[in-house]
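Structural features, examined
Residues per chain, in single letters:
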Amino acid sequence: MENILFKDNVAEIEAYFAGGGYKPLKKALGLKPADVIDEVKRSNLRGRGGAGFPAGLKWSFISKDAEGPRYLVCNADEGEPGTFKDRELIRKNPHALIEGMAIAAYAIGAGHGYIYIRGEFAAEAELLEKAIAAARAKGFIGKNILGSGFNFELFTHRGAGAYICGEETALLESLEGFKGQPRLKPPFPAIKGLFGCPTVINNVETLAAVPAIIEKGGDWYAAIGNGKSAGTKLFCVSGAVSKPGVYELPLGVTFRELLEKSCGGMKAGKRLKAVLPGGSSTPALTAEEALAVKLDYESLAAAGSMLGSGAVIVIDDSQCMVKLLQVLSRFYHHESCGQCTPCREGCGWIEKILNRFEEGRAGRNDIDTLYSVAEGMMGRTICPLADAMAMPVMSFVKKFRAEFEAHADGKTCAKAP
Amino acid sequence: MAFKLTEEFKTRAEKICAKYPRRDAALIPLLQEIQKETGYVAEEAMDALALLLELPYSRVKAVVTFYTMFNREPTGKYHLQVCRNISCHMAGAEGLLALLRAKLGLAEGGTTKDGLFTLSSVECLGACGSAPVMQVNDKYFEKLDEAKLSALLEDMRHGRLQH
Amino acid sequence: MPTITIDGKSVEVEKGTTLLAAAQKLGVYIPRYCYHPKLSVSGNCRMCLVEVEKAPKLVTACSTEAAEGMIVRTASDKVKAARRDVLEYLLINHPLDCPICDQAGECGLQDYYMEYSLARSRFKMADKARRQKRRAVGPHLVLDNERCILCTRCVRFCSEVTRTSELEVMERADHSYIDLKEGKALDNGYSLNIADNCPVGAFTSRDFRFKQRVWFLKKTPTVCLGCATGCLMEAHHNENTIYRLMPSPNAETNTWLCDHGRLTYKAVRAGDRLTKGVIKNGLIDLEPALREAGARIDEARGAVAVLGSPWLSVEDNAALARLAKDSVKTENYCFDFASEPGIKDGILINKDPAPNTSGTGLVKTAHGGLSLEELSRRIAAGQIKVVLAEARAAGLLKDTLKAAAPLLVIFAANKGEIPAGTYATLPYASYFETPGTFVNYQGLRRRTAPPVEAPEGVKPLWAVVNKLAAYSGASLQLDSAEDALKGIVFK
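In this text the structure is predicted, and so the values were computed from the model without any measurement.

**Points about the overall build of chain C**
- Within chain C one finds 14 helices and 22 strands.
- Long-range contacts, defined as pairs at least 24 residues apart, comprise 64% of the intrachain contacts of chain C with a sequence gap of at least 6.
- Summed over its atoms, the accessible surface of chain C is roughly 20400 Å², and 51% of this surface lies on carbon and sulfur atoms.

See the structure below:
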């Protein structure tokens, strides 16, 4: 099927416009905001940042009677290891995002929007600035958009290096000029979000799908994919495949198809050992599990993992699972905001245990300690970062225990590069 | 070192503040502006910014120390930031880091005596499809290998890399 | 008004009540570190996790509002496991230096470990993160970052109560730590509350640390006399020595104590504490001092002035009024102290530095007397030969007294208070040593309770007045502080 998001040669506004771009915005502005929300609800579009929350439903939580300003925020703080789709999408099709934001803003009654983009993406931030300026020049952003009376100002805001800001309330804190520490919920952002006002936060990919939904209808979008997992998804594949990259495919595509058809199979001479199907935080699948699974919200949940951000990390059998887990634990330890006790202390503890394994200083009982430290972090913190550390730990230990045992009692890794 | 925000900076700051309904929301963008100008965020700069935005110093300092992209001391002309997270690790990031350590005679966090290079290892840069990846200042270098990295180093040494 | 069930007991609470508060209403204690009733809810320590039926995860009792029909469990296996785990996490990087920690005995980590854990740590000692050990931060506090559990009560106190925002958590993850600007002192007038608020031994009081193990301390509830606010507090003492003052939170006046008020107890054992009388500059026993002062008063009689004091209790002021009226029989007495009461800093410190301006008003109502202006005028006009006054009240007429130079007979507890040129000084028991009634700026009547005894030979002021009366005029026959109160009507 034809790509919805990942299109070639539409980066410039003229080309985007020539291909029918910004017509959906015009169409949306002719509808009632509630009808726009209904259309998105009908599409079954779900959040592409990781949580998979239905986008239309999220929009509908903004109270119609709320006084004062409302905000729309785009989460472009792409930081989940393995994830690189938003960066590519912004480069290829920035106006789909900008148009999607204008439509979403109209639907929820937001006069201001911010694109929070991770600080390292300086080039992409600049590219967005230019694209917004071009859209403004054409009257798609700014005052009285297309003569509708609707005003929408859109700004970019660069992060400064903190994975946690991908969590939506940490992002809001950061956008307000604070440390990116997640907020207690409730209140949820729809009630009390940016600057204390009702706010919707959506991922880049989610918002970029909106123009096509408005153009072709929610039913059309809902028919793509696999039931409740509607539409296409950007799968970003990294690791031991021949052709890593971002691939737009309908949800429900099998991992096997993604691997073999899109990615050209495994890298020469490499054998599949494990897959992290939705980013580094999602529980690992063994090769057998992966080759049997469909890539959508429900199928992956049923397989004991998650679709997450659609970041498919492919691990071959030359890799040491203990070493990889150490690499991941270093990351989560580095990125824990330090607020909640279990995450602040647990992430560091896990890294220290894994360091012991890697350095030949671990005992067999450390395997169980590792598991139970992770288990003790699950579901006990303000945000899911602790879970994001715990899930790979628990799945690695459960499914690849032999590799941990091979590291215990003074032994180190045979696979160390 | 006395640090004073220039009038030009203050004018620019007002423009940035205007993007937000509250001035203090401009704290991070303004710290980024300071870093862009001076290469790092000095204590005195934090004081000056706290004053400008009418914020407690502690908040500015907490923000600077929370976010990893703020340098608290001057870096070399080229800040080499090598990703070593999972996809880059599998693609050989450790080897690249070892190569840089050896060639530059540095450990992570160090700066060469000539002030040309600072070496850092960083976490995921969000370009895993083209691993291994290194960021030099603001610019990404992707699909690296040892040969490409060595050539890149030579370019930087001879000022052939746009910075 | 939702009704919820906690551990099988049902309770109806106001809308917006948290599970923690609802449990408290039922007498169910939920452990907590970061929660403080007077600070914003932060929810970071995760110690107060409880189970709510149908909720997918445990919830923090400090931040979850009661909703109709909620069924809450605070002692289920899940909750117990969570508490044990949180404690284990909190302790992994804690230095466990209890034997040399001044918090020992009132430490949240010790107490909860005994109550909710008792598990052996599985953490390797060598893996402990090190942080900065003790250092003075400001005149009143010592900070030990290694003991800190990052509950941020101190940060919130400085940002929400004093609004000085000196403190913040720097860095992130398990290398984060509390800090303030290098070279800056943490001295915001309320800093010792930070030591109280700190649930562990990270912030300790420079004044109190290592003076006494807390389990030896006895507690006496009393009133702060640092200003007209009249905060309730507790004196912690042992073997006739006060070691510290702590706030007794109450709805009427205070949750906290200011640093000034908290250190008022120091005067009791200060080096210049008066235990004897002073004539000119020479120390003499109380009896001869009284005799001398009494003789001077007796000589002057109609030209004697008696000045009450807003720093003295109602009882002691009343005794002075009786002395003037019934013993010396002079009309030159004054219990008229005007002030503009009200909280000066938005927290606790009163514009009126004296604790009993309202109380002296009651004495004035009962006994009459001159206005302060009129008394001042008479002194200036040379009509007064002897002035009998409490030291700080005499300070109110400083310039007049200096110019007219009447003979000064002064009540003082500490030498430093004695005005220059004083002829006779009579010591008296402080209100840490004798009870006294005070009326604060709101009109609340509060009574001090003595945690310690006065030094040998030092008597309450009313008793000194009673003796003085015998030397200077008619006897008053006061047998107790209450005797002096005759005729005083409390509102």
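Still more ground to cover, so stick around.
**Thoughts on the overall build of chain A**
- Helix and strand counts for chain A come out as 19 helices and 13 strands.
- Its C-alpha atoms put chain A at 75 × 45 × 35 Å along the principal axes.
- Taking all 417 residues of chain A together, the buried fraction comes to 66%.
- Considering only residue pairs separated by 6 or more positions, chain A has 70% of its internal contacts joining residues 24 or more positions apart.
- A gap of 1 Å separates the mean positions of the 50 positive and 48 negative side-chain charges of chain A.

**Some details on unusual backbone geometry**
- Cis peptide bonds are those with omega within 30 degrees of zero, and the linkage from Lys185(A) to Pro186(A) qualifies with -5 degrees.
- Relative to the assigned elements, Pro186(A) resides in the loop between α8 (168-175) and β4 (199-203).
- In this structure, the amide linkage connecting Ala131(B) to the following residue, Pro132(B), adopts the cis form with an omega of -5 degrees.
- Along the chain, Pro132(B) falls in the loop between β2 (117-122) and β3 (134-136).
- A positive phi angle is found at Phe195(A), which is not glycine, with a value near 50 degrees.
- Mapped onto the elements, Phe195(A) comes out in the loop between α8 and β4.
- The backbone of Gln477(C) sits at a positive phi, close to 55 degrees, despite the residue not being glycine.
- Look at Gln477(C) and you get exposed, because its relative accessible area is 63%.

**A word on the interface of chain A and chain C**
- Each partner contributes residues to the interface: chain A has 31 residues there, and chain C has 36 residues.
- Buried surface at the junction of chain A and chain C, summed over both partners, amounts to about 2700 Å²; 49% is from carbon and sulfur atoms.
- The interface formed by chain A and chain C holds five salt bridges in total.
- Counting the contacts that link chain A with chain C gives 19 residue pairs in polar contact (both at pLDDT 80 or more).
- Put simply, the parts of the chain that give the side of chain A that touches chain C at least two residues each are α15 (321-335), α16 (341-358) and α17 (365-377) of chain A.
- The greatest single-element share of the side of chain A that touches chain C, amounting to nine residues, is contributed by α16(A).
- Taken together, the residues that form the side of chain A that touches chain C break down as nine nonpolar, 14 polar and eight charged.

**Observations regarding the sheet that holds strand β1 (residues 71-76) of chain A**
Residues and elements named next belong to chain A.
- Spatially, β3-β2-β1-β4 is the arrangement adopted by the four strands of the open sheet, whose pairing is parallel. Strands at the two margins of the open sheet, each flanked by one partner only, are β3 (153-158) and β4. Averaged over all adjacent pairs, the angle separating strand axes in this sheet is 20 degrees, with direction ignored.
- The sheet contact formed by strand β2 (residues 112-117) and β3 spans six bridges and is parallel. Of the residues in β3, the one forming a bridge with Gly113 is Leu154.
- Taken strand by strand, helix α6 (residues 94-108) contacts β1, β2, β3 and β4, and its axis lies near 150 degrees from that of β1.

**Quick look at the sheet that holds strand β12 (residues 232-238) of chain C**
All names here are of chain C.
- If you trace the three strands from one edge of the open sheet to the other, you get β11-β12-β13, paired in antiparallel fashion. Strands at the two margins of the open sheet, each flanked by one partner only, are β11 (218-223) and β13 (241-247). Adjacent strand axes in the sheet meet at a mean angle of 30 degrees, parallel and antiparallel pairs treated alike.
- Where β12 and β13 come together, six bridges link them in antiparallel fashion.

**Comments concerning helix α13 (residues 461-472) of chain C**
Residue and element names in this part refer to chain C.
- The first and last C-alpha atoms of α13 sit 16 Å apart over twelve residues, in line with the 16 Å expected at 1.5 Å per residue.
- Burial of α13 is extensive: nine of the twelve residues sit out of reach of the surface.
- Along α13, the residues that are buried comprise Leu461, Trp462, Ala463, Val464, Val465, Asn466, Leu468, Ala469 and Ser472.
- In this structure, the buried side of α13 is in contact with α7 (286-300), α8 (314-328), β18 (386-390), β19 (407-411), β20 (424-426) and α14 (481-484).

**Considering the nonpolar core**
- In this structure, Phe357(A), Leu370(A), Phe404(A), Leu30(B) and Tyr67(B) are the most contacted members of the largest nonpolar core, which totals 96 residues.
- Considering every element that reaches this core, the biggest residue donor is helix α18 (residues 385-399) of chain A, with nine residues.
- The contacts of Leu30(B), once residues within four sequence positions are left out, are Phe9(B), Ala13(B), Ile16(B), Cys17(B), Leu49(B), Leu52(B) and Leu53(B).
- By size, the runner-up hydrophobic cluster in this structure holds 77 residues, among which are Leu5(A), Phe84(A), Cys124(B) and Cys128(B).

**Things to note about the packing of aromatic side chains**
- Inspection of the entire model under this criterion finds 29 aromatic pairs over all chains.
- Measuring from centroid to centroid gives 3.8 Å for Tyr22(A) and Phe140(A), while their planes differ by 10 degrees, and the two rings are stacked. You can see Tyr22(A) sitting in the loop between α1 (13-18) and α2 (23-29) and its partner Phe140(A) sitting in the loop between α7 (122-137) and β3, a full 118 residues away along the chain.
- Residue class for Phe140(A) comes out buried when judged on its relative accessible area of 4%.
- Within the aromatic cluster, the residues linked to one another by ring pairs are Tyr71(A), Tyr114(A), Phe155(A), Phe195(A) and Tyr20(B).
- Taking NZ or CZ as reference, Arg172(C) lies 5.5 Å from the ring centre of Phe66(B), over its face.
- For the cation-ring pair, Lys181(C) lies above Tyr57(B), with the distance from its terminal atom to the ring centre recorded as 4.0 Å.

**Concerning a nonpolar patch on the surface**
Residues and elements named next belong to chain A.
- Judged by side-chain polarity, Phe53, Leu57 and Phe61 come together as a nonpolar surface patch covering roughly 260 Å² of accessible area.
- With respect to the helices and strands, Phe61 occurs in the loop between α4 (55-60) and β1.
- Residue class for Phe61 comes out partly exposed when judged on its relative accessible area of 42%.

**Let's talk about the domain arrangement of chain C**
- Domain annotation for chain C reports domain 1 (3-89), domain 2 (96-107 + 126-210) and domain 3 (277-484).
- Placing a centre on the C-alpha atoms of domain 2 of chain C and another on those of domain 3 of chain C gives a separation of 43 Å.

Rules used throughout
- Residues numbered from 1 in each chain as written.
- Chains lettered and ligands numbered in written order.
- Predicted model: local features only at pLDDT ≥ 70, side-chain atom pairs only at ≥ 80, totals over all residues.
- Heavy atoms only, no water.
- Helix = DSSP H or I, 4+ residues; strand = E, 2+ residues; numbered from the N terminus.
- Contact = heavy atoms within 4.5 Å.
- Areas by Shrake-Rupley, 256 points an atom, 1.4 Å probe, with all protein chains shown as cover.
- Buried < 20%, exposed > 50% of the residue type's maximum accessible area, 1.4 Å probe, protein only.
- Lys, Arg positive; Asp, Glu negative; His and termini not counted.
- Charge placed at Lys NZ, Arg CZ, Asp CG, Glu CD.
- Buried area = accessible area lost by both parts, 1.4 Å probe.
- Salt bridge = Lys/Arg side-chain N within 4 Å of Asp/Glu carboxyl O.
- Polar contact = N/O pair within 3.5 Å; in protein donor to acceptor, adjacent residues only side chain to side chain.
- Nonpolar A, V, L, I, M, F, W, Y, C, P; charged D, E, K, R; others polar.
- Pairing = 2+ DSSP bridges.
- Axes fitted to C-alpha atoms, helices over the stretch in contact; angles between N-to-C directions.
- Expected span 1.5 Å × (residues − 1).
- Core = buried A, V, L, I, M, F, W, Y, C linked by side-chain atoms within 4.5 Å.
- Phe/Tyr/Trp six-rings, centres within 6.5 Å; stacked < 30°, edge-to-face > 60°.
- Lys NZ or Arg CZ within 6 Å of the ring centre and 35° of its normal.
- Patch = residues over 30% accessible without salt bridge, like charges linked within 9 Å, V, L, I, M, F, W, Y side chains within 5 Å.
- Domains from an automatic or database assignment.

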